[in-house]
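The lines below spell out each chain.
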Amino acid sequence: MNRALRPLVATTAIFALAYLAAVVQFPAMFSTRVMGNFLTDNAFLGIAAVGMTFVIISGGIDLSVGAVIGFTTVLNAVLIMWLGLHPLLAFAISLGVAAAFGAVMGAAIHYLKVPSFIVTLAGMFLARGGASVLSPDSIGIKHELYTTISKSYILLPGGGRLTVIGMIMLLVFAFGIVLAHRTRFGSYVYALGGSEVSAGLMGVPVARTTILIYTLSATLAGLAGIVFSLYTSAGYSLSALGVELDAIAAVVIGGTLLTGGYGFIAGTFIGVMLQGLVQTYIVFDGTLSSWWTKIVIGGLLFLFILLQRLVFSAAAPRRKVFWKT
Amino acid sequence: MVVGAEPVVQARGIVKIFGQHRALDGVDFSVRPGEVHALLGENGAGKSTLIKILTGAYQPDGGEVILDGAAVRFSDPLDAQRHGIGTVYQEVNLLPNRSVAENLFLGHQPTRFGIVQRRVIEARARELLAGYGLEIDVRAELGSYSVAVQQIVAIARAVELSGKVLVLDEPTASLDRNEVAKMFEVVARLKARGLGIIFITHFLDQVFEIADRVTILRNGKLIGTKALSEVTATDVVRMMLGKDLAFDHGGVGVAEAVQGPVRVEFKSLGRQGKVAPFSLALHEGEVVGVAGLLGSGRTEMARLMFGVDSADGGEISVGGKVVSIRNPAQAVAAGFGFCPEDRKLDGIFGELSVRENIIIALQAKLGWFRALNRDEQNEIAGSYAEALDIRAADYEMPVKLLSGGNQQKAILARWLAIDPNFLILDEPTRGIDVGAHAEIVRTINRLREEGLALLVISSELDEVVAYSNRIVVMRDRAMVAELSGADIAPSVIVAAIAENQGGRA
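Let me sum up the structure you'll find in this document. (Residues numbered from 1 in each chain as written. Chains lettered and ligands numbered in written order. Predicted model: local features only at pLDDT ≥ 70, side-chain atom pairs only at ≥ 80, totals over all residues. Heavy atoms only, no water.)

1. Here we look at the overall build of chain B
Stage number 1. The helix and strand inventory of chain B stands at 17 helices and 23 strands.
Stage number 2. Its C-alpha atoms give chain B a radius of gyration of 25 Å, near enough to 23 Å, the size a compact globule of 505 residues would have.
Stage number 3. Judged by the C-alpha coordinates and their principal axes, chain B covers about 75 × 50 × 45 Å.
Stage number 4. Within chain B, buried positions represent 57% of all 505 residues.
Stage number 5. Accessible area of chain B: about 20,700 Å², with a carbon and sulfur share of 49%. (Helix = DSSP H or I, 4+ residues; strand = E, 2+ residues; numbered from the N terminus. Rg over C-alpha atoms; globule rule 2.2 N^0.38 Å. Buried < 20%, exposed > 50% of the residue type's maximum accessible area, 1.4 Å probe, protein only. Areas by Shrake-Rupley, 256 points an atom, 1.4 Å probe, with all protein chains shown as cover.)

2. As for the layout of surface pockets
Stage number 1. Its volume calculated, the second largest pocket comes out at about 700 Å³.
Stage number 2. In this structure, the second largest pocket is lined by 29 residues; those nearest its centre are Arg98, Ser99, Glu102, Arg118 and Arg139 of chain B.
Stage number 3. Secondary structure elements with two or more residues in the lining of the second largest pocket: α8 (164-182) and α9 (184-194) of chain A together with α3 (100-105) and α4 (118-130) of chain B.
Stage number 4. It is α4 of chain B that contributes the most residues to the lining of the second largest pocket, 4 residues altogether.
Stage number 5. Taken together, the residues that form the lining of the second largest pocket break down as 11 nonpolar, 10 polar and 8 charged. (1 Å grid on protein atoms, 1.4 Å probe; cavity = no way out; pocket = protein on both sides within 12 Å on 5 of 7 lines; lining within 4 Å. Points joined across faces, edges and corners; volume = space filled by probe spheres on them. Nonpolar A, V, L, I, M, F, W, Y, C, P; charged D, E, K, R; others polar.)

3. Points about the nonpolar core
The tendency in soluble globular proteins is for nonpolar side chains to be buried side by side.
Stage number 1. Core analysis: the largest hydrophobic core is formed by 233 residues, its most contacted members being Ile69 of chain A together with Ile155, Leu166, Phe266, Met305, Phe336 and Phe422 of chain B.
Stage number 2. At 12 residues, helix α3 (residues 43-57) of chain A tops the list of elements feeding residues into this core.
Stage number 3. Apart from residues lying up to four places away in sequence, Phe422 of chain B is in contact with Val264, Phe266, Leu282, Met305, Gly335, Phe336, Gly337, Leu452, Ala453, Leu454 and Leu455 of chain B.
Stage number 4. By size, the runner-up hydrophobic cluster in this structure holds 24 residues, among which are Ala11, Val27, Leu67 and Val167 of chain B. (Core = buried A, V, L, I, M, F, W, Y, C linked by side-chain atoms within 4.5 Å. Contact = heavy atoms within 4.5 Å.)

4. Considerations on the sheet that holds strand β18 (residues 321-323) of chain B
By definition, the strands of a sheet pair up through backbone hydrogen bonds, in either a parallel or an antiparallel sense.
Residue and element names in this part refer to chain B.
Stage number 1. Strand order in the open sheet formed by 4 strands is β15-β14-β17-β18, with antiparallel pairing between adjacent strands. In this open sheet, the two strands that pair with only one neighbour each are β15 (275-283) and β18. On average, each strand axis in the sheet is tilted by 20° relative to the strand beside it, whichever way the strands run.
Stage number 2. Strand direction decides the pairing type here: strand β14 (residues 262-271) and β15, joined by 6 bridges, are antiparallel. Within the sheet, the bridge partner assigned to Arg271 lies in β15 and is Val275.
Stage number 3. Those strands touched by helix α9 (residues 298-305) are β14, β15 and β17 (313-318), and its axis lies near 65° from that of β15. (Pairing = 2+ DSSP bridges. Axes fitted to C-alpha atoms, helices over the stretch in contact; angles between N-to-C directions.)

5. Structural notes on the pattern of salt bridges
Residue and element names in this part refer to chain B.
Stage number 1. Here the structure, examined in full by the defined rule, presents 20 salt bridges over all chains.
Stage number 2. Its salt-bridge partner being Glu102, residue Arg98 comes within 3.0 Å of it at the nearest N-O pair. Take Arg98 and Glu102: they sit in the same class, and that class is buried.
Stage number 3. Measuring nitrogen to oxygen at the nearest pair gives 3.3 Å for the salt bridge that ties Arg374 to Glu396. Of the two residues, Arg374 sits in helix α13 (residues 374-387) while Glu396 sits in the loop between α13 and α14 (404-416), which places them 22 residues apart along the sequence.
Stage number 4. Look at Arg374 and you get partly exposed, because its relative accessible area is 46%.
Stage number 5. Of the residues examined, Glu396 reaches a relative accessible area of 33% and is grouped as partly exposed.
Stage number 6. When salt bridges with common partners are traced through the structure, they connect Glu286, Arg470 and Glu482 into a single cluster. (Salt bridge = Lys/Arg side-chain N within 4 Å of Asp/Glu carboxyl O.)

6. A few points about the sheet that holds strand β4 (residues 62-67) of chain B
Residues and elements named next belong to chain B.
Stage number 1. Read across the open sheet, the 4 strands follow the order β2-β1-β4-β5; overall the sheet is antiparallel. Each end of this open sheet is capped by a strand with a single partner; those strands are β2 (21-31) and β5 (70-72). On average, adjacent strands in this sheet sit at an angle of 30° to one another, irrespective of strand direction.
Stage number 2. As paired elements, strand β1 (residues 9-18) and β4 share 5 bridges and run antiparallel to each other. Bridging across to β4, Gln10 finds its partner in Ile66.
Stage number 3. Its contacts with the sheet place helix α1 (residues 47-54) against β1, β2 and β4, and it is angled at close to 60° to β2.

7. Description of empty space enclosed by the protein
Take a probe with the size of a water molecule and roll it over the atoms, and the empty space left behind shows itself.
Stage number 1. For the coordinates displayed, the defined rule picks out 2 cavities of 30 Å³ or more.
Stage number 2. Approximately 240 Å³ is the volume attributed to the largest cavity.
Stage number 3. Surrounding the largest cavity, 16 residues form its lining, Leu201 of chain A together with Gln81, Thr87, Val88 and Tyr89 of chain B being those nearest its centre.
Stage number 4. Contributing elements (two or more residues each) for the lining of the largest cavity: α2 (77-82), β6 (85-88) and α5 (147-161) of chain B.

8. A short note on the packing of α5 of chain B against helix α6 (residues 177-192) of chain B
All names here are of chain B.
Stage number 1. As a packed pair, α5 and α6 sit with axes 10 Å apart at the nearest point and diverge in direction by 15°. By the angle between their axes, α5 is roughly parallel relative to α6. Crossing of α5 over α6 shows right-handed handedness. Touching Ala148, Gln151, Ile152, Ile155 and Val159 of α5 are Glu179, Met183, Val186 and Leu190, all from α6.
Stage number 2. Residues belonging to the contact of α5 with α6 are distributed by class as follows: 7 nonpolar, 1 polar and 1 charged. (Parallel < 35°, antiparallel > 145°, perpendicular 65-115°, else oblique. Left-handed = near helix turned anticlockwise from the far one by under 90°.)

Structure below.
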């Protein structure tokens, strides 16, 4: 088996076992209702985590994700409630602003040769600060489109609801999988994570790819912000605090190597769902503090980093070669 | 030999200047289609500079590159690749984390509606590699294959994308004998297809095995281009090492008489895969020269002696007492000093002052709790700098601003300050302008007269014979000869190095 697949298989197995154990204890957890809620409740995290997966595969990190989500919710609310714009126009503007923000960060990382950690840390402060300057208080969003969207869903057999925002997340994952594994851009992202020097010598457009990666991540964070504002019907500068760290956790638990070069978008989906499972379990249990989520995620993260070390530090297996003579 | 008359690529009168140093001085070079042309020279001879100019990594300061009869200027290696010149480096510059197929076609994958056609790529990759006699799973990670396979994948990619000239930069350095044979089969196939191949290596026997012509560079100058059918290994070694052929004035060596008691003795010191076990005793007031080509194990020998690499066998004794040297700190404690080959990388602390560079080894030897105060530092640094005639406007200026020769003397001063038993100098005159060579040689002679034991590694044969009491010759990572007395002559050394090199010698 391809060794890069091992962490993904492990994550999938752990998710399946954990879900099974939860269902044994609370049979009600095995229902389309619960699964539908998994998707809806974690939609914004999942969307942001797709962008984060690309960044981490390329060997970088994006700490600005949570702040960009927060900023987008506020910007949306301001555009819709204060300026009276139609939500669709507001969405377009928000996505454009987020994309430009990401492009500037990507350009700074590439041209100034500053580590992505530092650039996106600055981006995090800027976005979070910008959101608070726009409005320090929460702004409720009332618009018929918001009401329509939150009322629309596809009824699943068993009474579960696949909401619009759940569908958006699934689409983003599908888009991410195709982009990562089936396009030239995707192969360039993996190439950068493997070796930036080699990638450059092989003709990968390093500058363009780097800028596009951070543009993609920020745009998806902007989309996550829109989804978050649909989910909460509000814009608040302090929303989605620390979501970048949840996203990183989901990406790593999903089998992506933090040092770059290896990873799967599908793995990130399972990483997000695993976090949702833990939260749901805690709700079902009713006695545990919701902070137990963090403890479980911390434990899992540690386990996976350990697993990756074991898988990737072992000398690469040498394959048998058949020479024609 | 399938050799067309017209060269496919040609360099004419190439000049490349770095600062004040002429890295290449009017070098001509050409490759014909269907020819393997070996490029030889010691470190600093200008091989890699020439290659970087041919492959677009550097721009020449003079002269021109002619491809298929027209003058060209490549903006970067990718541009050169588009024009037909592909390069494969010793460290494979591919992506170990991606599949073999993707490595072959990255950036050129066929797509349909933006979606990469993976099956097409895999089929073409299999077909392409079959042409090189390689049947492997092209979907597997490149990193899961041996370096030899990775090299061939790199060659396949370079040929696929360029297709006129292939530059192989030390491709065999990390391959075993079988893999080298496979690599040569691949090279022979490409040669038959009419590619011009530039082959850089420091294994002479491989040159004689595969190459049609050889060009030798030394100190940035073209020494000669010869058909290999016309020369012997001895000729080639002489061209690589000789100094404008004022050859064979045997007996200029130092009198052997002035030998004191044994200062340092190495008994069967060796390390698997680096240097075969060797034994060597150095006397007080003796200089032992080490001759051999690049990659013959000279530097590895010095690194073992100084504990940079730990030996897996043998013992070291100083003044008759066995000592353990497993790291440089223990070597310094035993009174050893080491001026490494790459001064800028391993020797000087460029940003620190001349004074700091001189006292640093002494301070390290004294330890944390016996800090030298500023007056002591000034006095020590000043006296050694004066004794060695280090020319600096001020001993407080950063040492990187000094000339190469003065930097070298600052490192010498650093070790002399610890009052050493034994000094190892690895290529002390490399990258120093010619005038300063004589001065370094004088310094070595003076240190000998003062009773120090020295081991000096050098490719400058004229210099080695001028200061050595004895000369050991390294070849294929083993000590193969020890010369003394009348044998200390360039012709004898060349013969010892070339012996058994290349079957046609």
